[in-house]
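Per-entry structural report
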Amino acid sequence: MKNILEIHGVNAGYGSTNVLHNLTIDVAEGQVTALLGANGAGKTTTLRMISGMIERTGDVRLAGESIAALSTEAIVRKGVAHVPDGRGTFKRQTVEENLRLGAITRRPSADVRQDQEMVFDYFPILKARRMQQAGLLSGGEQQMLAVGRALMLRPKLLLLDEPSFGLAPLIVQEIFEIFRRLNREQGTSMLLVEQNAEIALNFANYAYVIETGRVVLGGTATDIKKDDQVARAYLGY
Ligand code: ATP
């Protein structure tokens with residue numbers, strides 16, 4: 001199977017503090033890979049590192065091409081869309097304006113309207129709320145908007161940072177159903193960071209567990225679910 005993303009021997013952190021140690025992770029094309037780990041394990045830092053937001057050494061390849069030395073903007077242009085924790089929508093802008101801003105790195109074209117319709121097809125509630133300020137949306141709707149905005153980039157790879165955070169279980173279920181459909185219909189590869197291991201393992205094809213910035217376990221989601229250590233540490237068994 002081809003990998004859309006290959007991270008090999010990466011060290012990265014903040015200033016003089018190294019957080020990721022010799023990190024090696026693959027994301028298979030068209031699949032969902034989950035990154036699990038406790039608070040502070042380095043999951044968010046891994047996504048920031050991929051997006052070029054922090055200094056890193058080592059090899060990061062997108063569809064075989066090195067992106068390790070590229071700026072965040074260049075990495076976005078290559079097709080990596082990052083949905084950060086906290087969602088990061090523009091609160092004073094309307095839903096529609098937020099979606100248009102998502103397409104900003106692309107040349108203007110009729111496709112943008114078509115893509116907006118595609119986003120509305122996945123998230124009908126955003127269509128109903130298209131003229132509303134993003135800051136007035138519910139938490140679940142803001143998460144949908146953040147994902148919708150990322151989709152406007154027509155990403156090859158979607159980086160999802162804790163999409164379930166702070167949302168009611170039913171809303172989380174609804175959002176993951178949409179992710180499943182997106183993955184199936186658009187073939188979008190996803191790297192998903194989740195505290196909620198159960199949700200993540202039910203959705204992902206493959207998973208890694210990281211502890212203090214190191215990969216301690218990697219395997220198919222089915223195998224990881226069966227791992228006693230994971231079950232005790234993250235699934236509450
Ligand atoms: P959480 O679920 O709590 O966000 P995480 O696995 O995503 O956990 P990170 O946010 O990647 O963890 O944090 C990893 C380590 O990096 C922690 O020790 C954290 O204190 C440190 N860290 C995170 N952000 C910064 C920052 N901006 N400056 C300095 N250190 C940071």
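No experiment lies behind these values; they were computed from the predicted model shown.

Section: the sheet that holds strand S10 (residues 214–220)
Strands pair in a sheet through their backbones, by hydrogen bonds, and they do so in one of two ways: parallel or antiparallel. The mixed open sheet is built from six strands, whose spatial order is S6-S7-S8-S3-S9-S10. Both outer strands of the open sheet, strand S6 (80–83) and S10, are each paired with one neighbouring strand and no more. Pairs of neighbouring strands in the sheet enclose a mean axial angle of 15°, with direction left out of account. Note that strand S3 (residues 32–36) and strand S9 (residues 206–211) share four bridges and pair parallel. Following the sheet pairing, Ala34 is matched in S9 by Ala207. Strands S3, S6, strand S7 (157–161), strand S8 (189–193) and S9 of the sheet are contacted by helix H1 (residues 43–50), whose axis makes an angle of about 150° with S7.

Quick notes on the site of the ligand
If you check the shell around the ligand, you find 13 residues, and the closest are Asn39, Gly40, Lys43, Thr44 and Thr45. Between the ligand and the protein, one listed contact pairs an oxygen atom with a side-chain N or O atom of Gln195 at 2.9 Å. Protein contact buries 58% of the 620 Å² of open area that the ligand shows by itself. The element that contributes the greatest number of residues to the shell around the ligand is H1, accounting for four residues.

Re the domain arrangement of the protein chain
The domain architecture assigned to the protein chain consists of domain 1 (3–79 + 155–235) and domain 2 (88–153). On a C-alpha basis, the centroid separation for the pair domain 1 and domain 2 is 23 Å. Contact with domain 1, which involves 17 residues of that partner, is made by 13 residues of domain 2. Both sides of the domain 1 and domain 2 interface together cover about 1300 Å² of buried area, and 71% of this is carbon and sulfur. Counting across the domain 1 and domain 2 interface gives one salt bridge. Of the charged contacts in the structure, one is a salt bridge between Arg181 and Asp121, with a shortest N-O distance of 2.9 Å. Listing elements by their share of the side of domain 1 that touches domain 2, those giving two or more residues are helix H2 (72–77), S7 and helix H7 (169–186). Per-element tally for the side of domain 1 that touches domain 2: the top contributor is H7, with nine residues. Looking at side-chain class alone, the side of domain 1 that touches domain 2 contains eleven nonpolar, one polar and five charged residues.

A word on the nonpolar core
Among the nonpolar cores identified, the biggest contains 47 residues, and Phe123, Leu126, Val147, Leu158, Leu160, Phe179 and Met190 are the most heavily contacted of them. Counting contributing residues per domain, this core is built from domain 1 (3–79 + 155–235) and domain 2 (88–153), each supplying no fewer than three. Beyond its immediate chain neighbours, meaning those up to four positions away, Leu158 contacts Ala81, Val83, Ala150, Leu151, Thr188, Ser189, Met190 and Leu191. With 28 residues, the next largest nonpolar core counts Leu5, Val27, Val80 and Val193 among its residues.

Concerning the packing of helix H4 (residues 111–122) against H7
Between H4 and H7, the shortest axis-to-axis distance is 10 Å and the interhelical angle comes to 135°. When the axis of H4 is compared with that of H7, the two are oblique. Here Met118, Asp121 and Tyr122 of H4 come into contact with H7, specifically with Ile178, Arg181, Leu182, Glu185 and Gln186. Residues of the contact of H4 with H7, tallied by class, amount to four nonpolar, one polar and three charged.

Some details on the side chain of Glu162
The topology assignment puts Glu162 in the loop between S7 and H7. The residues touching Glu162, leaving out its near neighbours within four places in the chain, are Lys43, Arg87, Gln143, Val193, Glu194 and Gln195.

Let's talk about the pairing of S10
The pairing of S9 with S10 spans six bridges and is antiparallel. Bridge assignment links Glu211 to a residue of S10, and that residue is Arg214. Connecting S9 to the antiparallel partner S10 that follows it, the hairpin turn spans two residues, and Thr212 within it adopts a positive phi of roughly 35°.

Quick word on the sheet that holds strand S4 (residues 56–62)
Taken in spatial order, the four strands make up an open sheet running S2-S1-S4-S5, and their pairing is antiparallel. Strand pairing shows two members of the sheet lacking a second neighbour, strand S2 (17–28) and strand S5 (65–66), which therefore form its edges. Note: strand S1 (residues 3–14) against S2, eight bridges, orientation antiparallel. Within S2, the residue paired with Val10 across the bridge is Leu23. Relative to the sheet, H1 contacts S1, S2 and S4, its axis offset from that of S1 by approximately 110°.

Definitions and cut-offs
- Residues numbered from 1 in each chain as written.
- Predicted model: local features only at pLDDT ≥ 70, side-chain atom pairs only at ≥ 80, totals over all residues.
- Heavy atoms only, no water.
- Pairing = 2+ DSSP bridges.
- Helix = DSSP H or I, 4+ residues; strand = E, 2+ residues; numbered from the N terminus.
- Axes fitted to C-alpha atoms, helices over the stretch in contact; angles between N-to-C directions.
- Contact = heavy atoms within 4.5 Å.
- Near = heavy atom within 4 Å.
- Polar contact = N/O pair within 3.5 Å; in protein donor to acceptor, adjacent residues only side chain to side chain.
- Areas by Shrake-Rupley, 256 points an atom, 1.4 Å probe, with all protein chains shown as cover.
- Domains from an automatic or database assignment.
- Buried area = accessible area lost by both parts, 1.4 Å probe.
- Salt bridge = Lys/Arg side-chain N within 4 Å of Asp/Glu carboxyl O.
- Nonpolar A, V, L, I, M, F, W, Y, C, P; charged D, E, K, R; others polar.
- Core = buried A, V, L, I, M, F, W, Y, C linked by side-chain atoms within 4.5 Å.
- Buried < 20%, exposed > 50% of the residue type's maximum accessible area, 1.4 Å probe, protein only.
- Parallel < 35°, antiparallel > 145°, perpendicular 65-115°, else oblique.

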